[in-house]
Amino acid sequence: MTHPKIAVIGCGAIGTTLAYTLLLRHPHLEISLVNRNPQKAWAKAFDMSHCSPELPNRAIRAETPEECAGSDIIIMTAGALPRENGTRADVLKDNVAIFQTLLPTLARNNPDAVLINITNPVDAMAYAAGKITGFPPERVIGSGTELDSMRLRHFIAQALDLNAAELDIQVIGEHGDSMVPLWSLATYQGKSLTEAYPLLNEDLKATLLHQTKRAGWDIRLAGEHSCYGIAFSAVRIVESILCWSDKPVRVSAELQCEFGLPHSFISLPTTLNRTGIIQRHLPDISDAEYQLVMHSANLVQQQLDMVRQLL
């Protein structure tokens, strides 16, 4: 029986946390770790493999880009980190160069894989990955605002003393400063959140959104790297691709003027399977929210222009 193979590219904090989460969470997976320093990939895989006596049917190994073949999913985590008080776009040039080095070999050896990009700036780098590999648009996605949606749910639950698991709110658009929370559709226990909780006024909404936008930077400023939340959200995307979950995920993909929006690369609720994107959906949002999504798409479009100049 052939088991799904996941190739994790980059053995930094995100890549190793992601690989370890997959190892613990799901049986019957093959996991390949690829890193520019092969010894680091070997050490991480070797360490994780010692869990195998208590985790039957798991396999994890280190491979080079040349050895890595037959993957169902490639997850890109390799790249330079944004500078302190900078923006995700600051590292666009460096990370496009890294992708140009790694991706041609990976694409050649894994021609049918679905590619998930986590490297920042997520949306623009996913677009770059698609252009470098030549993969069709439905097989190239960014981790997008899945993490932002989780973070905002957490902060709302904290502020209003709610059970986050029963809270539903989606964040769409850019994984960045122009992300758009869909307050008009937010619910708690199936009821409108804004109607049930008058404390959630415009000032509190702005504060919660600011917390969501700054969460990764706040972790960086504390001397650490954000890895657990993004790893968990990436696992949710993997589960969706492998049809282990039927819930739509908020991932970014190339937008080709659907929904009246410009050509861009932003997050929308998306249904996935092993061939990639099945369907993308723009919820029935307010006019004000639609204008914010339009603004977000236009800003990401500017990053795509930068990518095209670099390729």
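Just above, that's the structure.
Thresholds applied
- Residues numbered from 1 in each chain as written.
- Predicted model: local features only at pLDDT ≥ 70, side-chain atom pairs only at ≥ 80, totals over all residues.
- Heavy atoms only, no water.
- Pairing = 2+ DSSP bridges.
- Helix = DSSP H or I, 4+ residues; strand = E, 2+ residues; numbered from the N terminus.
- Buried < 20%, exposed > 50% of the residue type's maximum accessible area, 1.4 Å probe, protein only.
- Salt bridge = Lys/Arg side-chain N within 4 Å of Asp/Glu carboxyl O.
- Polar contact = N/O pair within 3.5 Å; in protein donor to acceptor, adjacent residues only side chain to side chain.
- Contact = heavy atoms within 4.5 Å.

Enquirer: What is the right way to read the sheet that holds strand 7 (residues 167-168) from this model?
Expert: The strands that make up a sheet are held in pairs by hydrogen bonds between backbone atoms, and each pair lies either parallel or antiparallel. An order of 7-10-11 is seen for the 3 strands of this open sheet, with the pairing classed as antiparallel. The sheet terminates laterally at strand 7 and strand 11 (191-192), the two strands that pair on one side only. In this structure, strand 7 lies alongside strand 10 (residues 187-188), joined through 2 bridges in antiparallel fashion. Paired with Leu-167 across the strands is Tyr-188, a residue of strand 10.

Enquirer: Just to check I follow, could you spell out the pairing of strand 13 (residues 264-273) for this structure?
Expert: Looking along a regular strand, one sees side chains alternate from face to face of the sheet. With 8 of 10 residues buried, strand 13 is to be regarded as a mostly interior element. With 7 bridges joining them, strand 12 (residues 249-255) and strand 13 adopt antiparallel strand pairing. Its bridge partner lying in strand 13, Ala-253 is registered against Ile-266. Pairing geometry for strand 13 and strand 14 (residues 276-280), over 4 bridges, is antiparallel. Residue pairing across strands places Leu-272 opposite Ile-277, the latter belonging to strand 14. Between strand 13 and strand 14, which pair antiparallel in sequence order, lie 2 residues.

Enquirer: Help me understand the pattern of salt bridges in this model?
Expert: When charged atoms on two side chains of opposite charge get close, those side chains can pair. A full pass over the atoms with the stated rule returns 7 salt bridges. Salt-bridge contacts for Glu-30 lead to Arg-61; the nearest nitrogen and oxygen are separated by 3.6 Å. Separated by 31 residues along the polypeptide, Glu-30 in strand 2 (residues 30-34) and Arg-61 in strand 3 (residues 59-62) bring together distant segments of the chain. With a relative accessible area of 33%, Arg-61 lands in the partly exposed category. We note a salt bridge from Arg-236 to Glu-146, for which the minimum N-O separation is 2.8 Å. Taken together, the positions of Arg-236 in helix 8 (residues 228-241) and Glu-146 in helix 5 (residues 146-160) put the pair 90 residues apart, joining distant regions of the chain.

Enquirer: Before we go on, may I ask you to explain the side chain of Glu-239 in this structure?
Expert: Relative to the assigned elements, Glu-239 resides in helix 8. Owing to a relative accessible area of 8%, Glu-239 belongs among the buried residues under this scheme. Engagement of the side chain of Glu-239 in a polar contact is seen with the side chain of Arg-25, the distance being 2.6 Å. Those residues in contact with Glu-239 that lie beyond four places of it in its chain are Arg-25, His-26, Trp-244 and Ser-245.

None of this, on its own, says anything about what the molecule does.
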